[in-house]
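Take a look at the letters that make up each chain.
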Amino acid sequence: MALQQVSDSELELMKIVWASGGTALYAHIMEELVKRGRVWQKNTVITLLSRLVDKGLLKTSKIGRRNEYTAVVSEAEYQTAQARTLLNKLYQGDAKGLVATLIQGDMLSEEDYAELKRFWEGSGQ
């Protein structure tokens, strides 16, 4: 599934919706932004949410007079699509190149190594 790129601000709103079980009222999104230290104007948030609807990542419905936003794409689906985009853009689809960069750049902890080893050993059966 090819997903459109989203801005950092749009992604922050998606993370709030995902963390809310995939559905969130506008008021909840605003509350979560405040908790995260973000003081965005109402019009800014509405514009960003509208862009996410236009990009096909959210759908909106009315509950009385309130707007409810529902994720069309799960967080895992989005992460997979973004990882594939990164892999193709920077490594021409070569996953070994990405893993080598993570290892050589000292970006994996010992726990990461152990977890990946268990994953690979388990998925090969």
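Residues numbered from 1 in each chain as written. Predicted model: local features only at pLDDT ≥ 70, side-chain atom pairs only at ≥ 80, totals over all residues. Heavy atoms only, no water.

In sheet architecture, strand pairing relies on hydrogen bonds along the backbone and comes in two forms, parallel and antiparallel. Reading across the sheet, the 3 strands line up as 1-3-2 and stay open at both edges, with antiparallel pairing between neighbours. A single partner strand is all that each edge strand has here, and the edge strands are strand 1 (23-25) and strand 2 (58-63). Each strand axis lies, on average, 25° off the axis of its neighbour in the sheet, ignoring direction. Packed onto the sheet, helix 2 (residues 26-35) meets strand 1 and strand 3 (66-71) and runs at close to 90° relative to strand 1. (Pairing = 2+ DSSP bridges. Helix = DSSP H or I, 4+ residues; strand = E, 2+ residues; numbered from the N terminus. Axes fitted to C-alpha atoms, helices over the stretch in contact; angles between N-to-C directions. Contact = heavy atoms within 4.5 Å.)

Ranked by size, the top nonpolar core spans 24 residues in total, and within it L13, I29, L33, V45, L49 and L58 carry the most contacts. Elements that contribute at least two residues to this core include exactly helix 1 (8-19), helix 2, helix 3 (42-54), strand 3 and helix 4 (75-91). When near neighbours in sequence (up to four residues on either side) are disregarded, L58 contacts M14, V17, L49, L52, V53, Y69, T70, A71 and V72. (Core = buried A, V, L, I, M, F, W, Y, C linked by side-chain atoms within 4.5 Å. Buried < 20%, exposed > 50% of the residue type's maximum accessible area, 1.4 Å probe, protein only.)

What follows covers the pattern of salt bridges. Scanning the model with the defined rule gives 3 salt bridges in all. Where E10 meets K55, a salt bridge forms, and the shortest distance between an N and an O atom there is 2.8 Å. Taken as a pair, E10 in helix 1 and K55 in the loop between helix 3 and strand 2 lie far apart in primary sequence, 45 residues in all. Among the ionic pairs, E12 bridges to R38, the shortest N-O distance being 3.0 Å. (Salt bridge = Lys/Arg side-chain N within 4 Å of Asp/Glu carboxyl O.)

Applying the stated criterion across every chain, the model contains 1 aromatic pair. Look at W18 and Y78: their rings are 5.7 Å apart centre to centre, the planes differ by 45°, and that puts the pair in the tilted class. Note that W18 is positioned in helix 1 and Y78 in helix 4, a separation of 60 residues in sequence. The pair W18 / Y78 is uniform in exposure class, with both members buried. (Phe/Tyr/Trp six-rings, centres within 6.5 Å; stacked < 30°, edge-to-face > 60°.)

Before going further, it helps to examine the environment of G56. In this fold, G56 is placed in the loop between helix 3 and strand 2. Every residue in contact with G56, bar those within four places of it in the chain, is listed here: V72 and V73.

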